[in-house]
Amino acid sequence: MCGIVGYVGPQDSLGVVLEGLRRLEYRGYDSAGVAVLADGQLSTAKKAGKLANLEKQLAEADLPAATIGIGHTRWATHGGPTDRNAHPHVSADGRVAVVHNGIIENFVPLRAEVEATGVEFTSETDTEVVAHLLTATYRALPAGPDRLAEAMRAVSRRLEGAFTLVATHADEPDTIVASRRNSPLVVGVGDGEYFLGSDVAAFIGHTRNALELGQDQVVEIDRTRGATVTDFSGNRVEPTAYTVDWDAAAAEKGGYPWFMLKEIAEQPRAVADTLLGRLGESGELVLDEVRLSDQELRDIDKIFVVACGTAFHAGLLAKYAIEHWTRIPVEVEVASEFRYRDPVLDRSTLVVVISQSGETMDSLMALRHARDQKARVLAICNANGSTIPRESDAVLYTHAGPEVAVASTKGFLTQVVACYLVGLFLAQVRGVKYADEIAAIVDDLRALPDAVARVLEQMEPVRELGRSLADANTILFLGRHVGFPVALEGALKLKELAYIHAEGFAAGELKHGPIAVIDQGTPVVVIVPSPRTRESVHGKVVSNIQEVRARGARTIVIAEDGDDDVLPFADHVIRVPRTPTLLAPVVTTVPLQVLACEIADTRGLDVDQPRNLAKSVTVE
Ligand code: AGP
């Protein structure tokens, strides 16, 4: 959601900024713009729509050569996705250009204050007010080496809400400044050059050395003095330096038509990387990075799993595994609801926040609420150095590598695997499972990457099926037990990629209402549990297939190898390898990802960047 890029160094800034924006496209946007500074003048270009529109405008505008610049991809919140609402926003005197990610909640009174001075606004955004405030504040300050940074600090102190702001001033040929509260920003440190980015993808082609910016901090990037970080009061802060372990190649498509397809294909490796170093030689769990003491883990009497979207579905699966292995009660909740319900939390509550990006605002706010209530917070996260792990007591990184497609695939699978690791680790530390029981599950986990690879080898019939479903108006997904969250995830993938109405149901709920929507030919995807699943769940799901088929449904059945009970009632069978019940979602989800991708592609849609969606949702 909104991508920000900044550059100061010897290279052509426009090229560097555009390349950064291209790499941030996956975050989701509906307009884009740039500003460069040369010869004491700011030049801007901005355009609604994709980057190609901006590039076309730039080809005609012929911006001057410059070595300092900022850029932005905007996901509209305040004001529609139009040319004039696109960033950068420039002050009335033309001296300041600003880009922004987030929402300035008190922009209405601030705007009224600025308008009272005679300034006319040219956009409907909350951001423009910052450009006007910055120019006025800068003008009122004495000349000095950190005048622009001081102006940014003064303005930031007045803002409420979430923001990453990056600004340039026409009188400061060697400086850009940025400010951060609740929205992401990282600094890239190259050889005599500096980058700013919403995430490291913005500059990964140039450097892997990065600085983390904390909450309520301002960074001044000066061509000769380098990066100086202060809090909003001007106190110097030593930023944490880190090396990015992704490389540029990992963020490229690698020959696949869509990032999503590449990321689906990477899942065996991603799952293996999540497990890497965490399964001990003797079948024990080794989670050294979980910075909670054994005593703290033993004291836990309740677990909440909090997340959004696909990560929430991973959380639903965590409940089955963690409760079964540890006998600790687990509640799972969408992050946007969590804190408004006043959940009962205390020191002996573990809150597990799952987030691929580590920047989802709803999840971050839930995390802060949990910490305020003294709960312990463990993050399961993919993006290194992002806000959610930084603010958590402990973190388990999924190591899935960069996930660029908006629709999460390897992010999801690795979150599920990380949840298994947490559950088993708790069982080990609390001594509720014998070592040989844990070792047996560890062996099952070790087999997962191969099982996922085998699913991927058999996807051609699924693609063919997807092509035949491209005109469907609605597709239903049914599952029981761990198949239920998989059904929810399959429906979400289809909605977000193919814009087809889809719903996931607990198969047992069918007769309580949803069965009424089944009509002649309605496609129904059923995730069938293993025949070895306890309490004849398998038999009940097979009955559910018969029930929908009797009402005209076209049944698409995902069943494990050798399960022939489904054959008489299935119009299509998708086979997955035999996998232990609790781990089965890691294999049954994969065909649903492929199916959604193929349907979207057949419908001629942008698989990687579906309409209206952003990769990381950094506003509440
Ligand atoms: C997944 O396909 C989605 N696009 C979305 O639901 C996502 O999982 C959700 O926004 C949470 O993101 P996070 O994992 O980065 O917190």
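Up top is the structure these notes are about.
Residues numbered from 1 in each chain as written. Predicted model: local features only at pLDDT ≥ 70, side-chain atom pairs only at ≥ 80, totals over all residues. Heavy atoms only, no water.

Draft legend 1. Region of interest: the overall build of the chain. Within the chain, the regular secondary structure consists of 19 helices and 24 strands. Computed over C-alpha atoms, the radius of gyration of the chain comes to 26 Å, within 12% of the 25 Å expected from 2.2 N^0.38 for 620 residues, which places it in the range of a compact globule. The proportion of buried residues among the 620 residues of the chain is 62%. Accessible surface, the chain as shown: approximately 22,600 Å² in total, 49% of it carbon and sulfur. For the chain, the distance from the average position of its 61 positive side-chain charges to the average position of its 85 negative side-chain charges is 3 Å. (Helix = DSSP H or I, 4+ residues; strand = E, 2+ residues; numbered from the N terminus. Rg over C-alpha atoms; globule rule 2.2 N^0.38 Å. Buried < 20%, exposed > 50% of the residue type's maximum accessible area, 1.4 Å probe, protein only. Areas by Shrake-Rupley, 256 points an atom, 1.4 Å probe, with all protein chains shown as cover. Lys, Arg positive; Asp, Glu negative; His and termini not counted. Charge placed at Lys NZ, Arg CZ, Asp CG, Glu CD.)

Draft legend 2. Spotlight on the packing of aromatic side chains. A complete count under the given rule lists five aromatic pairs for this structure. An angle of 65° between the planes, with centres 6.0 Å apart, marks the rings of Trp325 and Tyr420 as edge-to-face. Here Tyr420 lies in helix α13 (residues 410-430) and Trp325 lies in helix α9 (residues 309-326), a separation of 95 residues in the sequence. Residue Trp325 is classed as buried on the basis of its relative accessible area of 4%. Overall, Tyr420 belongs to the buried group, its relative accessible area being 1%. What links up through ring pairs into an aromatic cluster is the set Tyr7, Phe195 and Phe203. Between Arg147 and the ring centre of Tyr138, over which it is positioned, the NZ or CZ distance is 4.1 Å. Its guanidinium or amino end placed over the ring of Tyr499, Arg611 lies 3.9 Å from that ring's centre, counting from NZ or CZ. (Phe/Tyr/Trp six-rings, centres within 6.5 Å; stacked < 30°, edge-to-face > 60°. Lys NZ or Arg CZ within 6 Å of the ring centre and 35° of its normal.)

Draft legend 3. How the structure looks around the state of the cysteines. Applying the stated criterion across every chain, the model contains zero disulfides. Lacking any disulfide linkage, Cys2 is separated from the closest cysteine sulfur, that of Cys308, by 17 Å. Unpaired in this structure, Cys308 has its nearest cysteine sulfur neighbour in Cys381, at a distance of 13 Å. Note on Cys308: relative accessible area 24%, which makes it partly exposed. (Disulfide = S-S within 2.5 Å.)

Draft legend 4. Spatial organisation of the site of the ligand. Taken together, 14 residues form the shell around the ligand, and within it Ser355, Gln356, Ser357, Thr360 and Glu496 come nearest. A distance of 2.6 Å separates an oxygen atom of the ligand from a polar atom in the side chain of Ser357. Surface burial for the ligand is 91%, taken as the share of its 410 Å² of free accessible area covered by protein chains. When atom positions are compared with the pocket grids, the ligand is found to occupy the largest pocket. For the shell around the ligand, the secondary-structure elements that each account for two or more residues are α9 and α17 (483-498). In terms of residue count, α9 provides more of the shell around the ligand than any other element does, three residues in total. Partitioning the shell around the ligand into residue classes produces four nonpolar, eight polar and two charged. (Near = heavy atom within 4 Å. Polar contact = N/O pair within 3.5 Å; in protein donor to acceptor, adjacent residues only side chain to side chain. 1 Å grid on protein atoms, 1.4 Å probe; cavity = no way out; pocket = protein on both sides within 12 Å on 5 of 7 lines; lining within 4 Å. Sits in = over half its atoms within 2 Å of the grid points. Nonpolar A, V, L, I, M, F, W, Y, C, P; charged D, E, K, R; others polar.)

Draft legend 5. The environment of Arg111, seen in detail. Inspection of the secondary structure puts Arg111 in helix α3 (residues 107-115). Between the C-alpha atom of Arg111 and that of Thr360, which follows or precedes it by 249 residues, the distance is 28 Å. If we skip the residues at most four places from it in the chain, Arg111 touches Phe121, Ser123, Glu124, Thr125 and Val129. (Contact = heavy atoms within 4.5 Å.)

Draft legend 6. How the structure looks around the sheet that holds strand β13 (residues 226-231). Taken in spatial order, the six strands line up as β5-β6-β7-β8-β12-β13 in an open sheet, and their pairing is antiparallel. Two strands in the sheet have a free side with no partner beyond their single neighbour: β5 (89-90) and β13. Where strand β8 (residues 175-181) meets strand β12 (residues 217-222), six bridges bridge the pair, whose relative direction is antiparallel. Note on β12: the bridge partner recorded for Ile176 is Ile221. (Pairing = 2+ DSSP bridges.)

Draft legend 7. View of empty space enclosed by the protein. Tallied over the full model, the rule gives four cavities of 30 Å³ or more. Looking at the largest cavity, its volume works out to about 360 Å³. Asp199, Val200, Trp246, Ser357 and Ala383 are the residues nearest the centre of the largest cavity, which is lined by 30 residues in total. Considering only residue class, the lining of the largest cavity consists of 13 nonpolar, nine polar and eight charged. Residues from two domains meet in the lining of the largest cavity; each of domain 1 (3-249) and domain 2 (253-446) gives at least three. (Points joined across faces, edges and corners; volume = space filled by probe spheres on them. Domains from an automatic or database assignment.)

Draft legend 8. Representation of the packing of α9 against α13. Relative to each other, α9 and α13 sit at 25°, their axes nearing to 9 Å. When the axes of α9 and α13 are compared, the pair comes out roughly parallel. Here α9 and α13 pass one another in a crossing that is right-handed. Contacts from Thr310, Ala311, His313, Ala314, Leu317, Ala318, Ala321, Ile322, Trp325 and Thr326 in α9 reach Phe412, Gln415, Val416, Cys419, Tyr420, Gly423, Leu424, Leu426 and Ala427 in α13. Of the residues assigned to the contact of α9 with α13, the class counts are 14 nonpolar, five polar and no charged. (Axes fitted to C-alpha atoms, helices over the stretch in contact; angles between N-to-C directions. Parallel < 35°, antiparallel > 145°, perpendicular 65-115°, else oblique. Left-handed = near helix turned anticlockwise from the far one by under 90°.)

Draft legend 9. Structural context of the layout of surface pockets. There is about 530 Å³ of room inside the largest pocket. In terms of lining, the largest pocket is formed by 26 residues, of which the most central are Cys308, Gly309, Thr310, Lys615 and Val617. The greatest single-element share of the lining of the largest pocket, amounting to four residues, is contributed by α9. Its residues placed into classes, the lining of the largest pocket shows 11 nonpolar, 11 polar and four charged.

Draft legend 10. Quick look at the nonpolar core. Val34 and Ile303 are the most contacted members of the largest nonpolar core, which totals 129 residues. At 14 residues, the largest contribution of residues to this core is made by α13. Setting aside residues up to four positions removed in sequence, Ile303 forms contacts with Ile322, Ile328, Pro329, Val330, Glu331, Leu350, Val352 and Leu426. (Core = buried A, V, L, I, M, F, W, Y, C linked by side-chain atoms within 4.5 Å.)

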